[in-house]
Every structure is written in C-alpha cells, then in structure tokens.
Amino acid sequence: MPVPELPPPRSSLPVAVTRFGATALGAVAAPAPETGAAIGTSSGAHTLPTAPAGLSFGPSPTAPPAPGAPGPGAGLERLLRGPHGLGTAALRLTPREEPTAPVAAGKGSPIPGLYHHPIPEPDPARVDEVSRRIKAWALDEVSLYPEEWEEQFDGFSVGRYMVGCHPDAPTVDHLMLATRLMVAENAVDDCYCEDHGGSPIGLGERLLLAHTALDPLYTAREYQPDWAASLHTDAPRRAYRSAMDYFVRAAGPSQADRLRHDMARLHLGYLAEAAWAQQDQVPEVWEYLAMRQFNNFRPCPTITDTVGGYELPADLHAQADLQKVIALASNATTIVNDLYSYTKELDAPGRHLNLPVVIAEREGLSDKDAYLKSVEIHNELMHDFETEAAALAAACPVPSVGRFLRGVAAWVDGNHHWHQSNTYRYSLPDFW
C-alpha cells in the first residue's frame, strides 16, 4: 500500500521550544495546528544550530555557562519540571510534589516510593485519532494479528502511550511515526521472544532476518527477490518493513541510521536474555543491568526529534555526554517496565527475568525486599539521568540540544504514566 504524501517541512520551529529555558519542560509548547504542519527534516527545511567553536561539552555542572545561558541550578529546575534545584530534593529517593495534574482517577496508582513526574492525561482527541489510525495500519496494511488477539491490541492502548510520550509532536502524522515503530517492536518481542509463540531457540536467525527490514540487504541480483519476498512472510517483518518505510520518508539520513543502530542494540539484548533462558541461568545483577542497557526502550526516545519535527545534528547526538543521558533515561524507563510488569510476569508460564527476580535470586533477598531494592535502583538511575541532563544543558546551550533533552524527559514521564495507568496489563504486588 503506498505511503501517503506528507506535508512539506516547516520553515522554523516554535520560539517557545527553540530556546532552552524559554518554557519549562513541564509546560511543553502546544503542538502546531494539524493542517500544514511539517514532517520531515529534508535539507533546507530549517537552519539547525551547531555547537559554537571551542564549546566545552564536558559533564561538569560547575563549569561556567555561556553568556545568557541558564546556570546549572536553573537548567535543572526547568529540565526536571520540579520546584527544586541540583543538590536538594533531586537527590532524594522519594517522589517530589508536582504542580502538574495527576493521572485521572481510577487509572492506577504509582508504585510507592518510585521517583517520577506525573503528567496530565494525554489529549483525548489525539489519542482517539492515533488509536484509529494504528489499528487500521495493523489490520489493513500489515495484517499484524489474528482476530483473537484484538482485545490485547486494544488493551495495549498504544495511542494513549505515544501521545503521552510525545507532547510536542506537531501533528498526528508525526505521532504515527513513533506509534508504528512501537507496535512493530512489540510484535517482534511477542512473536519471536515471548508471549505469542516466541522461543529463545533460533532467535538469532529470526532477529537477523527481521533486522534487514530496517537495514536493507544489498546482495547479488539473483537473490535480491528472495530477500524482498521474505519481508512479507510473517507479521513482525511486515510491521518492521512498513514502519521503517514511513520513518525514513520523514527522517533525515542520520536520524534513520541512528534508529537502525539502536534497534541493533535492542536485538543484541534480546539475544543475551535468550541465552540465559536456554541455559536456565539467572545472571548476576550487574550482568542483568548490562543486558538492560541494550534490551530497553532506547529506540523510542532516540527518535524524539523526528517525532517533534526537527533534527538534532548527528555530531551533537553522537557526543558521549548525550549518549550517556539517553542511556540513563532508557535504563530507568526499562526498570519501570520491570516493576509494573512484575506480577504479570510472575503469573505467566515459565520464569521471566526482571530486576526484582534477579536480585532475589542472586542476593538472597525476599521478594518484597528485592522489589523495593529495584525501586531504589530505578530512583538512582533517574536522578543520575536528570543530573547529567542538567549539566549537559548548561554546558551545551544549543537550542536543538535543549529541545532534545526536554523531549527525552517527556518520554520518560509519559512512559511511566502509561505503565501506571494501564490497569488492563499491569497491577502492583501487595508489598505495602
């Protein structure tokens, strides 16, 4: 099915989100009107800032900011969307009081003691439209699931998930870039690894062939048709091929290559977990956390600029300090998944590895104590993410860097909101 033509790129970004500190992260500028808003970052769409010559990109929060840039304390307050600065409440292992609206009543409770930032309910009109479009894509374009899986697809609430994670997306078209990829990634996880026929046996081959739907194969002409036909042989590959096709039409080349890289990281993490399952092995806690830096949500926040309708230049995205921020955010959000899916996984057949299970096994703790220690580990990673992000924002006051950091933080908060409120999928253990 042909991909619909998307609107031309916008000539500029909204002022409120191009100047770091011009608007608090918790008050992300309202998306641009749906009609005529841009998607894509083709050459000439807008002038992207580059780091000033000689700019120190170091992590030190005590380095003097550039003239006119917010200091580390101010940057942290804006970045974290909270009332305190570096060195105060940001370092405590308890949630802060937030001025933003809490999750709607009856939509689940947060894990006690889990450090997080509440967000308002995602825009219902956008949620409905994204939900409608993603279901049409799943059924009509890629034949993703049989009829008996429909309730689970609806219960996933992916429209609400993606609208909450990308509050600055200019249009629904932008949101759909992330939504298709999220659904495709979950199809691979479910069908290849876990819930719907997945197995660790032979996983490497399946992942490799599926990855060619993201990173095209260039081979001898005689065999090219066989590869092209293989992209339609199962639902995960059909979903990967279609979602990536939409994405590359909207993204710049470096953004597309960045996503391919992070998807390869994800697949490497899947293989490590599969190896432990085949060997019936529980890894050491540090080994599990190393796996989770690869098998995590990283492909999702890494595309926050594409979904936002702008591009973070490749040289800035590749900086070690920014990569550290993305890794910490992704690690923390994945432990959120471990914690909220804990009871779901305990009720599933077989042994599912998650951080509380690994800590209990390897450190001889009770289930409750292992779970509570996992909460503390999440909180430590969250504080590290926020501290490093604030230091980076002060050290590199480039508009696209500030906007990207706000986008990653918004993704972290939206991810927690979805896990907390998706009572169809998740419930908390009785530890309090």
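Residues numbered from 1 in each chain as written. Predicted model: local features only at pLDDT ≥ 70, side-chain atom pairs only at ≥ 80, totals over all residues. Heavy atoms only, no water.

Draft legend 1. Focus on the environment of Trp276. Note that Trp276 resides in helix α10 (residues 253-278). Look at Trp276 and you get buried, because its relative accessible area is 12%. Remark: the alpha-carbon pair of Trp276 and Leu353, spanning 77 residues in sequence, is separated by 9.2 Å. With sequence-adjacent residues up to four places away left out, Trp276 is seen in contact with Gln281, Pro283, Glu287, Tyr288, Met291 and Leu353. (Helix = DSSP H or I, 4+ residues; strand = E, 2+ residues; numbered from the N terminus. Buried < 20%, exposed > 50% of the residue type's maximum accessible area, 1.4 Å probe, protein only. Contact = heavy atoms within 4.5 Å.)

Draft legend 2. Region of interest: the pattern of salt bridges. Scanning the model with the defined rule gives 17 salt bridges in all. In this structure, the salt-bridge partner of Arg403 is Asp168, at a minimum N-O distance of 3.1 Å. Of this pair, Arg403 sits in helix α18 (residues 399-421) while Asp168 is found in the loop between α5 (158-165) and α6 (172-193), placing the two residues 235 residues apart along the sequence. Owing to a relative accessible area of 4%, Arg403 belongs among the buried residues under this scheme. The shortest N-O distance in the salt bridge between Arg258 and Asp305 comes to 2.8 Å. One end of the pair, Arg258, is in helix α10; the other, Asp305, is in helix α12 (residues 304-308), with 47 residues separating them in the sequence. Among the residues examined, Arg258 registers a relative accessible area of 8% and is labelled buried. Several salt bridges share partner residues, and in doing so they unite Glu129, Arg132, Arg133 and Asp173 into one network. (Salt bridge = Lys/Arg side-chain N within 4 Å of Asp/Glu carboxyl O.)

Draft legend 3. View of the nonpolar core. Grouped together as the largest cluster of nonpolar side chains are 106 residues, with contacts concentrated most on Trp137, Leu144, Tyr161, Phe247 and Phe385. With 14 residues, α6 is the largest single contributor of residues to this core. Excluding its chain neighbours within four sequence positions, the residues that come into contact with Tyr161 are Phe156, Met182, Phe297, Trp411, Asn415, Trp418 and His419. (Core = buried A, V, L, I, M, F, W, Y, C linked by side-chain atoms within 4.5 Å.)

Draft legend 4. Spatial organisation of the state of the cysteines. Here the structure, examined in full by the defined rule, presents zero disulfides. Cysteine Cys193 remains unbridged, with the sulfur of Cys191 as its closest cysteine sulfur at 9.6 Å. Note on Cys300: no disulfide assigned, nearest cysteine sulfur contributed by Cys165 at a separation of 7.7 Å. Accessibility expressed as a relative area gives 7% for Cys300, which makes it buried. (Disulfide = S-S within 2.5 Å.)

Draft legend 5. Geometry of the packing of helix α16 (residues 355-363) against helix α17 (residues 367-395). Where α16 contacts α17, the two axes come as close as 8 Å, and the packing angle between them is 120 degrees. One finds that α16 runs oblique with respect to α17. In the crossing of α16 with α17, the sense of the turn from one axis to the other is right-handed. On the side of α16, the interface is formed by Leu355, Pro356, Ile359, Ala360 and Glu363, while α17 contributes Asp367, Ala370, Tyr371, Lys373, Ser374 and Ile377. Residues that form the contact of α16 with α17 fall into these classes: seven nonpolar, one polar and three charged. (Axes fitted to C-alpha atoms, helices over the stretch in contact; angles between N-to-C directions. Parallel < 35°, antiparallel > 145°, perpendicular 65-115°, else oblique. Left-handed = near helix turned anticlockwise from the far one by under 90°. Nonpolar A, V, L, I, M, F, W, Y, C, P; charged D, E, K, R; others polar.)

Draft legend 6. Inspection of the side chain of Asp234 at higher detail. Residue position: Asp234 is located in the loop between α8 (224-230) and α9 (235-250). Note on Asp234: relative accessible area 19%, which makes it buried. There is a polar contact of 3.0 Å between the side chain of Asp234 and the backbone nitrogen of Arg237. (Polar contact = N/O pair within 3.5 Å; in protein donor to acceptor, adjacent residues only side chain to side chain.)

Draft legend 7. Just the packing of aromatic side chains, in detail. Taken as a whole and assessed by the stated rule, the structure comprises twelve aromatic pairs. With a centroid separation of 4.8 Å and an interplanar angle of 25 degrees, the aromatic rings of Tyr145 and Phe153 are classed as stacked. Judged by relative accessible area, which is 11%, Tyr145 ranks as buried. The interplanar angle of 50 degrees and the centroid separation of 5.5 Å between the aromatic rings of Phe297 and Trp411 together place this pair among those described as tilted. Pair noted here: Phe297 is in the loop between α11 (285-292) and α12 and Trp411 is in helix α18, with a separation of 114 residues, a long-range link. There is no split in this pair, since Phe297 and Trp411 are both buried. Following the ring pairs from residue to residue traces out a cluster consisting of Phe156, Tyr161, Phe297, Trp411, Trp418 and Tyr426. Positioned over the ring face of Tyr246 is Arg180, at 3.5 Å from the centre of the ring. (Phe/Tyr/Trp six-rings, centres within 6.5 Å; stacked < 30°, edge-to-face > 60°. Lys NZ or Arg CZ within 6 Å of the ring centre and 35° of its normal.)

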